[in-house]
Amino acid sequence: MDKRDVAVLGVGQTRFGYHPDKTLVDLFAEAFYEAFSESNIELKDIEALYYGNFVGEMTDGSANLSGFIADEIGLKGIPARRYEAACASSSVAFREAYLAVAHGIYDCVVVGGSERLYNAGTAIGTRALATAVDGLHEMTAGLTFPGVFALAARLYSKKYEVPMDKLHEKMALVSVKNHKYGAINPKAQFYNKFGDLKVEDVLNSKVICSPLTLFDCCPMTDGGSAVILASADFAEDVVDNPVYVLGTGQSGAGGLFRQREDMVRAIPRKKAAEMAFKEANLTPKDIDFVEIHDCFTIAEIIATEAMGFFEYGKGADAVAEGVTWIDGELPVNPDGGLIGKGHPVGATGTSQIYSVVKQLRGEFSYNPVKNAEIGMTDTLGGDFGTLVNVILGIHRRR
Amino acid sequence: MEQVTFKGFYDFLLEGKLLGLKCLDCGAYTCPPKAVCDNCGSRNLERAELSGRGRIATFTTTYIAPAGYDKEVPYTVAMVELEEGPWIVGRLEIENADEIGQDLIGEEVEIGGKEYPTEMFYPDKKRRVVPVFRLLRTF
C-alpha cells in the first residue's frame, strides 16, 4: 500500500531545565498549546494522541498517563497511548503517529512527550535511567548510563587505536560545541551558561564514570515537547509552511553484552538510518544538518559514523576539524543537543523534531543553518538498543 | 532445548561455575543463557559449563551510583570476552583501574560470583549475585 505524504503543522517545546512546580501533564500541555497555536486547526481536528514518557512511575508515581493527558488538555475521549522506549520514547511515538497518518488511519494527530528527571534528584534519576540497561545481567554490576558510554569510549580508543587521552580531547570538543550552541538557545537548560567552556574545563571536571567527566554528560532535565502531524494535503490547506516527513527508520538490539564490540558501530542506528534514507530516497550527502542523540560526548561521535556521515573511527576527527560545527559541512546539534539543551528523556525525540522544523522554517534565528532544506534527527533509547531516525524537508518527497 | 533460569545461572556462579548454552546446530556458545542461540537463533541447545576465563574488553570505574548502589562506590564495571566467545558484564576486583588505564584491556581474568543485598527494583528480590572478574596477574 502506498503511503500518503505527511507533514508537520506545528511544534512546541517548554524551556528545558528544572520544573519543580509543573507536572508531567503541565509540561506536555504547555508544549502542546504552543504547537496547537501555530497549526490553524481546532481541537476537534485532532483524532489521536501519541505520548512518549520513560519513567513517570519512578519520578512522579504515575503510569497510564496518555488518557489523563488527553483529558487534561481538552482532547477528551480520543484514543491516546503512551510509548516507552527509554530516551527514544517520543521518537518511537512520532514514527508510529507518522505511520498511522501515512497509512490513512488518521488525518491529524498530536505526538510528544514529557519527563521530570531533574526534579527526581541524582540518585533516583540515575537509577531510573539505569532501568534502560539489561535489568538483570547488566544492572547487577551497577552499570549506569554514563557507565555504558564510558565502556564505549574505552572500546573506541582500543578498536581505532586512538590513545584515550587524545580521544578524550576530541570528545571534549563535542561538549564545547554543544554548550556553545545551548548557551544561545533560549529554551535550553544551559541558556546563557557554559558558552565559553574550554576543553580543559571538560577534562578537569568531576569524574562520573571514568574516563567520562561531568561535562561529557548531558544533564538531568524536566521538560515537554509536542508536534502536530497531518496528511500533507490537510497540512497544505491550513498552514503556509508545512515541513514534510521524508523518511523514518527504527531498529533495535539486545543488551550491551549481546552487542559485544558492535556497540561502537551502533548497528541498529546504521539499520534505522539506512531505512530512513531509503524511504526518503536520499543519501547522507543530501542532509544539511542533524540533531543527534549526544547523551554523552562519545555518543555523538559514534552516531555520526553509524548514520553514514563519516567512516567508522573518523567521527572524532570530524568534530576536531570543524566539520560538525555550525559553519562546517554538516552542522551537528545546532540547538545545543542533549548536552547543551538538556535531556528530558521522554520529550527529547520530539524536541529534536521541534528544532529541525524551526530550522527548516528559518525560525531558528539564534543559530541558523544557512539555506537548510533537509534536516535529520537521531534518537537512541537505551544502551545502543532502540534507534529512531527521522528525515524532514521543506519539499514533498520526490 | 535445555532451560537455564536466571536463578540457576547465578546459583552456579556463586559456586564458581559459569553456565551457558551450546548450540548443537552451529556450535556457538550463548552466555548468559537466553531462549535461542545468540549466533544462529536455533533452539537446539544444550547446557554447558564454560571455562570461566576471558579477557577484559572494556571497563569503567563508577563514582556516581544509582539509588541502591551508593554504598558500593567507587566500583569498576567491566565487560569480559569469554574464551568461548560471549561477552558478560561484571565487576573487576581492582582498586586502581584508572591509574592503569587502557593497559587493562586484554588482561586475562577468571570469573566468579559474589552476593550483594538486593535493591528495590532488581528482579531477584532475595539477593543480587554479581559476576566478579579476578585478574590472573597483579599490577
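Since the model is a prediction, treat every value here as computed from it, not as a measurement.

**Points about the sheet that holds strand β2 (residues 29-30) of chain B**
Residue and element names in this part refer to chain B. Judged by pairing direction, the sheet is antiparallel, and its three strands sit side by side in the order β2-β1-β3 without closing on themselves. Each of the sheet's edge strands pairs with one partner strand only, and the pair in question is β2 and β3 (45-50). Pairing analysis gives two bridges linking strand β1 (residues 18-23) to β2, with the strands arranged antiparallel. Within the sheet, the bridge partner assigned to Lys22 lies in β2 and is Tyr29.

**Points about the interface of chain A and chain B**
Each partner contributes residues to the interface: chain A has 34 residues there, and chain B has 37 residues. Counted by class, the side of chain A that touches chain B contains 16 nonpolar, eleven polar and seven charged residues.

**Examining the environment of Gln352 of chain A**
Residues and elements named next belong to chain A. When you line up the elements, Gln352 lands in helix α15 (residues 345-360). Gln352 sits 26 residues away from Ile326 along the chain, and the two C-alpha atoms are 16 Å apart. Every residue in contact with Gln352, bar those within four places of it in the chain, is listed here: Glu291, Thr377 and Thr379.

**Digging into the packing of helix α6 (residues 145-159) of chain A against helix α7 (residues 164-182) of chain A**
Residues and elements named next belong to chain A. Packing of α6 against α7 leaves a shortest axis separation of 9 Å and a crossing angle of 120 degrees. With respect to each other, α6 and α7 are oriented oblique. As for how α6 packs across α7, the hand of that crossing is right-handed. Side by side, α6 and α7 meet where Ala153, Arg154, Tyr156 and Ser157 of the first sit next to Met164, Leu167 and Met171 of the second. Residues of the contact of α6 with α7, tallied by class, amount to five nonpolar, one polar and one charged.

**Observations regarding the domain arrangement of chain B**
All names here are of chain B. Domain annotation of chain B identifies domain 1 (1-50) and domain 2 (51-139). A separation of 20 Å is found between the C-alpha centroids of domain 1 and domain 2. Of all the elements in the fold, those that place two or more residues in the side of domain 1 that touches domain 2 are α1 (6-14), β1 and β2. Looking at which element gives the most residues to the side of domain 1 that touches domain 2, the answer is α1, with three residues. Across the side of domain 1 that touches domain 2, the residue classes break down as nine nonpolar, three polar and two charged.

**Some details on the environment of Gly182 of chain A**
Residues and elements named next belong to chain A. Turning to its location among the elements, Gly182 is positioned in helix α7. Overall, Gly182 belongs to the buried group, with 32 C-beta atoms counted inside 10 Å. Setting aside its immediate chain neighbours within four residues, Gly182 contacts Ala188, Phe190, Gly336, Ile339, Gly340 and Lys341.

**Digging into unusual backbone geometry**
In the segment running from Ser210 of chain A into Pro211 of chain A, the intervening peptide bond is cis, with an omega of 5 degrees. Note that Pro211 of chain A resides in the loop between β5 (207-209) and β6 (212-213). Cis geometry is found at the peptide bond from Cys31 of chain B to Pro32 of chain B, where omega equals -10 degrees. Positionally, Pro32 of chain B belongs in the loop between β2 and β3. Phi angles above zero are rare outside glycine, and Asn64 of chain A is one such case at about 55 degrees. As for its position among the elements, Asn64 of chain A is in the loop between α2 (56-60) and α3 (65-72). The backbone phi angle of Glu161 of chain A is positive, close to 55 degrees, even though this residue is not glycine.

The rules behind the values
Residues numbered from 1 in each chain as written. Chains lettered and ligands numbered in written order. Predicted model: local features only at pLDDT ≥ 70, side-chain atom pairs only at ≥ 80, totals over all residues. Pairing = 2+ DSSP bridges. Helix = DSSP H or I, 4+ residues; strand = E, 2+ residues; numbered from the N terminus. Contact = placed C-beta atoms within 7 Å. Nonpolar A, V, L, I, M, F, W, Y, C, P; charged D, E, K, R; others polar. Axes fitted to C-alpha atoms, helices over the stretch in contact; angles between N-to-C directions. Parallel < 35°, antiparallel > 145°, perpendicular 65-115°, else oblique. Left-handed = near helix turned anticlockwise from the far one by under 90°. Domains from an automatic or database assignment. Buried ≥ 20, exposed ≤ 12 C-beta atoms within 10 Å, placed from the backbone.

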